[in-house]
Amino acid sequence: MRTTIQGEQISAPICIAPTGFHCLAWPDGEMSTARAARAADVCYITSTYASCSLEDIVAAAPEGLRWYQLYVQPNRQLNKQLIQKVESLGFKALVITVDVPKIGNRRYNVMDLKKSLLLKNLGSPEKGNSAPYLQMTPIDSAICWDDLSWFQSLTRLPIILKGILTKEDAELAVKHNVQGIIVSNHGGRQLDDVPASIDALMEVVAAVKGKIEVYVDGGVRTGNDVLKALALGAKCIFLGRPILWGLAYKGEHGVEEVLNILKNEFHTSMTLTGCRSVAEINRDLIQFSRL
């Protein structure tokens, strides 16, 4: 089941997508998630809206493979500060979310949320303080393709674009020299009736022509789902909601359990389709085994 993403080894093509506010699910929040990812030997994408500091997340699992997801902030200095910090802390890629020029129409349950919860990585660069609890900071709605050169000038990290759903945007991503794409509809939380990630995957994979790595998130719940995604051309899948469910259930051990369930199911699916490595997983499985 072993494979690589951006040249880094992982135990299986089943990694952790960026989600925010993990301290709502478990007291140690993102620190627990980072420890579970390290134990499972997979990649964890830390969210801009993490409720633990980046330093604490790194200290919790110093040898873990981490990428950083950026919601582009209107304050350019804050973006620069965050990017330089994550590079210095050993994060291995910068994941820029490009499908949220503004927050969609989300329906929330009324909850008694912890008022002590802070976004510890989004304080003012000048003052260094934390942003207020659960405050969704403004996202730069003016970001465009031309801005990528500015981000590339700030870092040597590979840049991954998260939220690509069409061949046209995939072709532009290749043109602008990014290193990867996450095919994603933001968990269906942005725009009602948007295509499912899995339905957009083949179009994006065909458009990039193998020039950059393509990943997918959204809707993966079984090992068979992982196999289908890889057969359709994804290099790796990223899990969102199931990770939070595991975290709420039993902290880092719950996250480990979720990852192990998916790994075991994926191993079974590989075995039953005759795949001895992920390199053998291709579209023929879809055509001939009717997955």
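Note that the structure is predicted; figures quoted are calculated from it, not measured. (Residues numbered from 1 in each chain as written. Predicted model: local features only at pLDDT ≥ 70, side-chain atom pairs only at ≥ 80, totals over all residues. Heavy atoms only, no water.)

Undergrad: I keep staring at helix α3 (residues 76-88) and nothing clicks. Help me out?
TA: One full turn of an α-helix is made of 3.6 residues, so residues set three or four places apart face in the same direction. Under the 1.5 Å per step criterion, the end-to-end length of α3 is 18 Å for 13 residues, consistent within 8% with the ideal 18 Å. Capping the start of α3, N75 holds a side-chain oxygen 2.9 Å from the backbone nitrogen of Q77, two or three residues further along. Taken from the residues just after α3, G90 is the one with a positive phi, measuring 95°. (Helix = DSSP H or I, 4+ residues; strand = E, 2+ residues; numbered from the N terminus. Expected span 1.5 Å × (residues − 1). Polar contact = N/O pair within 3.5 Å; in protein donor to acceptor, adjacent residues only side chain to side chain.)

Undergrad: Would you take a moment to explain the packing of helix α5 (residues 167-175) against helix α6 (residues 197-208) for this structure?
TA: Each packed pair of helices is defined by two parameters, the angle between the axes and the distance between the axes. The N-to-C vectors of α5 and α6 enclose an angle of 35°; their axes lie 8 Å apart at closest approach. For the crossing formed where α5 meets α6, the hand is right-handed. Where α5 approaches α6, its residues K167, E168, A170, E171 and V174 are matched on the opposing element by E203, V204, A207 and V208. Of the residues belonging to the contact of α5 with α6, the class tally is five nonpolar, no polar and four charged. (Axes fitted to C-alpha atoms, helices over the stretch in contact; angles between N-to-C directions. Left-handed = near helix turned anticlockwise from the far one by under 90°. Contact = heavy atoms within 4.5 Å. Nonpolar A, V, L, I, M, F, W, Y, C, P; charged D, E, K, R; others polar.)

Undergrad: Before we go on, may I ask you to explain the layout of surface pockets in this structure?
TA: Empty space among the atoms can be located by rolling a probe the size of a water molecule over them. Taken as a whole, the second largest pocket holds about 550 Å³ of empty space. In terms of lining residues, the second largest pocket is bounded by 29 residues, among which V98, D99, V100, P101 and G163 are the most central. Listed by contribution, the elements that provide at least two residues to the lining of the second largest pocket are β6 (94-97) and β7 (159-164). Among the elements that take part in the lining of the second largest pocket, β7 stands out by supplying three residues, more than any other. For the lining of the second largest pocket, the class distribution of residues is 15 nonpolar, eight polar and six charged. (1 Å grid on protein atoms, 1.4 Å probe; cavity = no way out; pocket = protein on both sides within 12 Å on 5 of 7 lines; lining within 4 Å. Points joined across faces, edges and corners; volume = space filled by probe spheres on them.)

Undergrad: Honestly, the environment of V95 in this entry has me stumped. Any pointers?
TA: Here V95 lies in strand β6. A C-alpha to C-alpha distance of 9.3 Å links V95 and P18, two positions 77 residues apart in sequence. Not counting the four nearest positions on each side in its chain, V95 is found in contact with I45, W67, Y68, Q69, L70, I160, K162 and I182.

Undergrad: Please explain the pattern of salt bridges as it appears in this structure.
TA: Throughout the structure, instances matching the rule amount to 11 salt bridges. In this structure, K162 engages D217 in a salt bridge whose closest nitrogen and oxygen atoms are separated by 3.4 Å. Here K162 is found in strand β7, whereas its partner D217 is found in strand β9 (residues 213-217), with 55 residues between them in sequence. By the burial criterion, K162 is buried, and D217 matches it. (Salt bridge = Lys/Arg side-chain N within 4 Å of Asp/Glu carboxyl O. Buried < 20%, exposed > 50% of the residue type's maximum accessible area, 1.4 Å probe, protein only.)

Undergrad: When you look at the pairing of strand β5 (residues 65-70) in this model, what are you seeing that I'm missing?
TA: Side-chain direction in a regular strand flips from residue to residue, so the side chains alternate between the two faces of the sheet. For β5, a buried count of six out of six residues is recorded, marking the element as mostly surrounded by other parts of the structure. Residues L65, W67 and Q69 of β5 are buried on one face, and the alternating residues R66, Y68 and L70, pointing to the opposite face, are buried as well. Direction of pairing for strand β4 (residues 43-46) relative to β5: parallel, over a ladder of four bridges. Bridged to I45 within β5 is W67. Of the crossover connections in this fold, the one passing from β4 over helix α2 (residues 54-60) to the parallel β5 is right-handed. (Pairing = 2+ DSSP bridges. Right-handed = clockwise from strand over helix to strand, strands pointing away.)

Undergrad: Before we go on, may I ask you to explain the side chain of S47 in this structure?
TA: Looking at where S47 falls in the secondary structure, it is placed in the loop between β4 and α2. Looking at S47, the relative accessible area reads 3%, which means it is buried. Polar side-chain contacts of S47 include one of 2.9 Å to the backbone nitrogen of Y49.

Undergrad: Help me understand the packing of aromatic side chains in this model?
TA: Where two aromatic rings form a pair, the distance of their centres and the angle of their planes describe that pair. All chains considered together, the criterion is met by seven aromatic pairs. The interplanar angle of 90° and the centroid separation of 5.8 Å between the aromatic rings of Y215 and F238 together place this pair among those described as edge-to-face. Here F238 lies in strand β10 (residues 236-239) and Y215 lies in strand β9, a separation of 23 residues in the sequence. Grouping aromatic residues by their ring pairs yields a cluster made of F21, Y49 and Y71. The ring of F91 has R66 lying over it, and the distance from NZ or CZ to the ring centre is 5.2 Å. Lying over the aromatic face of W150, R76 brings its terminal NZ or CZ to 4.5 Å of the ring centre. (Phe/Tyr/Trp six-rings, centres within 6.5 Å; stacked < 30°, edge-to-face > 60°. Lys NZ or Arg CZ within 6 Å of the ring centre and 35° of its normal.)

Undergrad: Please clarify how the nonpolar core should be interpreted in this entry.
TA: Considering soluble globular proteins, one finds that nonpolar side chains tend to be buried as a cluster. W67 and I281 are the most contacted members of the largest nonpolar core, which totals 94 residues. Of the residues forming this core, the biggest block, eight residues, is contributed by helix α8 (residues 241-272). (Core = buried A, V, L, I, M, F, W, Y, C linked by side-chain atoms within 4.5 Å.)

Undergrad: Mind showing me how you'd approach the environment of L172 here?
TA: Note that L172 resides in helix α5. Here the alpha-carbon distance between L172 and W145, two residues 27 residues apart in the chain, equals 8.0 Å.

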